[in-house]
Amino acid sequence: MKFRLSPFKSAAVILGLGALLVAAPAYAQTIHIAGDKTTFYTVAKKYGVGISELMKANPKVNPLNVYPGLRLVVPVKDNPAASANLKALSQEQPALLTASSSPKTVEAWGKTFSYEKTLQVKATAYSSAASENGKWGAVDYFGNPLKLGTIAVDPDVIPLGTKVLVTGYSHPGLPKEAFVATASDKGSAIQGKRIDIFIPGSQSFVSEFGFQDVRLYVIK
């Protein structure tokens with residue numbers, strides 16, 4: 001919980017959870033890990049399933065917030081040949097994370113970023129629950145709706161507006177290995193080398209994150 005101090009008053013409702021639901025019993029399923037250009041349309045086309053079926057299999061995924069690393073359930077009629085084919089397709093994923101110190105570059109999900117420095121910080125996570133966001137509602141310091149990629153920081157350590165690549169964490173509601181975030185929130189409990197990561201989902205789901213040591217690449 002970050003006990004945010006924000007000058008804006010708003011009541012935004014955040015839609016879309018990162019948790020997965022099992023497909024209907026009439027179907028088998030496979031998991032597709034989203035890449036940089038993944039949409040519901042591209043996944044449906046790739047696996048030969050209907051978009052409506054794909055959406056039903058992922059009812060808590062916001063189609064407008066499909067991000068690299070998101071796990072999508074792909075339904076398929078329950079026959080072994082089709083299931084095996086889908087499983088093979090779902091494993092065609094790009095390399096996740098590689099870094100170089102000379103030049104200072106880091107590659108994640110097929111994209112290469114130049115970075116200025118790295119920071120080792122202690123991380124917690126917060127949800128859109130009212131108890132964690134106070135009277136301002138589910139918005140960041142600037143009044144924008146909370147979304148995946150929002151982090152709360154101590155502005156004396158990480159200036160607001162800074163973009164970072166977050167790595168070294170573990171939570172099913174976050175992309176595997178790495179994701180790009182913007183320091184657009186702050187809170188009275190976030191002091192020093194600390195960050196608070198917004199994760200879409202219920203408060204209990206998000207609380208599973210606990211305290212973790214993560215590495216940040218400050219992107220140019």
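Look above for the structure.
Enquirer: Describe the overall build of the protein, listing the residues and the values that go with them.
Expert: Each helix and strand in the protein was counted, giving five helices and 10 strands. Going through the 220 residues of the protein one by one, you find that 45% of them count as buried. Looking at the protein alone, contacts between residues at least 24 apart form 74% of all its contacts between residues at least 6 apart. A total of about 11,000 Å² of accessible surface is found on the protein, and carbon and sulfur atoms cover 56% of it.

Enquirer: Give a description of helix H1 (residues 40-47) that names residues and reports values.
Expert: Along H1, the residues classified as buried are Phe 40, Val 43, Ala 44 and Tyr 47. For H1, the angular spread of buried residues about the axis comes to 100 degrees, placing them on one side. The outward face of H1, more than 90 degrees from its buried face, is lined by the exposed residues Tyr 41 and Lys 45. Looking at the residues trailing H1, positive phi occurs at Gly 48, about 70 degrees.

Enquirer: Provide a residue-level description of the environment of Leu 72, including the pertinent values.
Expert: Structurally, Leu 72 can be placed in strand S2 (residues 71-77). Taking relative accessible area as the criterion, Leu 72 reaches 0% and is therefore assigned buried. Here the alpha-carbon distance between Leu 72 and Val 43, two residues 29 residues apart in the chain, equals 8.9 Å. Setting aside chain neighbours within four positions, we find Leu 72 in contact with Thr 30, Ile 31, His 32, Thr 38, Phe 40, Val 43, Asn 58, Val 61 and Val 66.

Enquirer: Mind laying out the packing of aromatic side chains, listing which residues take part and the relevant values?
Expert: As enumerated under the stated definition, the model contains four aromatic pairs in all. Considering the side-chain rings of Tyr 141 and Phe 142, the 5.4 Å spacing of their centres and the 85 degrees angle between planes classify their relative orientation as edge-to-face. When the ring of Tyr 169 is compared with that of Phe 179, the centres are 5.5 Å apart and the planes differ by 70 degrees; the resulting orientation is edge-to-face. Of the two residues, Tyr 169 sits in the loop between strand S7 (163-167) and strand S8 (178-185) while Phe 179 sits in strand S8, which places them 10 residues apart along the sequence. With respect to class, Tyr 169 is no different from Phe 179; both count as buried.

Enquirer: Kindly report on unusual backbone geometry, identifying the contributing residues and their values.
Expert: Note that the residue after Ser 102, namely Pro 103, is joined by a cis bond; omega there is 0 degrees. You will see that Trp 109, though not glycine, has its phi angle at about 55 degrees, which is positive. Assignment of secondary structure puts Trp 109 in the loop between strand S4 (104-108) and strand S5 (111-126). Taking the relative accessible area as the measure of exposure, Trp 109 reaches 8% and is therefore buried. At Glu 177, a residue that is not glycine, the phi angle is positive and equals roughly 80 degrees. The class for Glu 177 is partly exposed, based on a relative accessible area of 35%.

Enquirer: Go over a nonpolar patch on the surface, please, and point to the residues and values.
Expert: Where nonpolar side chains cluster on the molecular surface, the patch consists of Tyr 41, Ile 51 and Met 55 and spans about 290 Å² of accessible area. Its location among the elements puts Tyr 41 in helix H1.

Enquirer: So what's going on with the pairing of S4? Residues and values would help.
Expert: Walk down a regular strand and you will see the side chains alternate between the two sheet faces. Summarising the sheet, strand S3 (residues 97-101) and S4 pair through five bridges and their orientation is antiparallel. Each residue of the ladder has a partner; that of Ser 101, found in S4, is Lys 104. Linking S3 to S4, which pair antiparallel, is a turn of two residues. Across four bridges, the pairing between S4 and S5 is antiparallel. In the sheet register, Thr 105 faces S5, and the bridge partner there is Ser 114. Counted along the chain from S4 to the antiparallel partner S5, the turn is two residues long, and its residue Trp 109 has a positive phi close to 55 degrees.

Enquirer: Let's hear about the side chain of His 32: which residues, and what values?
Expert: Mapped onto the elements of the fold, His 32 is located in strand S1 (residues 27-33). Residue class for His 32 comes out buried when judged on its relative accessible area of 6%. Here the side chain of His 32 touches Tyr 47 through a polar contact of 2.6 Å, side chain to side chain.

About the criteria used
Residues numbered from 1 in each chain as written. Predicted model: local features only at pLDDT ≥ 70, side-chain atom pairs only at ≥ 80, totals over all residues. Heavy atoms only, no water. Helix = DSSP H or I, 4+ residues; strand = E, 2+ residues; numbered from the N terminus. Buried < 20%, exposed > 50% of the residue type's maximum accessible area, 1.4 Å probe, protein only. Contact = heavy atoms within 4.5 Å. Areas by Shrake-Rupley, 256 points an atom, 1.4 Å probe, with all protein chains shown as cover. Arc of directions from axis to C-beta. Phe/Tyr/Trp six-rings, centres within 6.5 Å; stacked < 30°, edge-to-face > 60°. Patch = residues over 30% accessible without salt bridge, like charges linked within 9 Å, V, L, I, M, F, W, Y side chains within 5 Å. Salt bridge = Lys/Arg side-chain N within 4 Å of Asp/Glu carboxyl O. Pairing = 2+ DSSP bridges. Polar contact = N/O pair within 3.5 Å; in protein donor to acceptor, adjacent residues only side chain to side chain.

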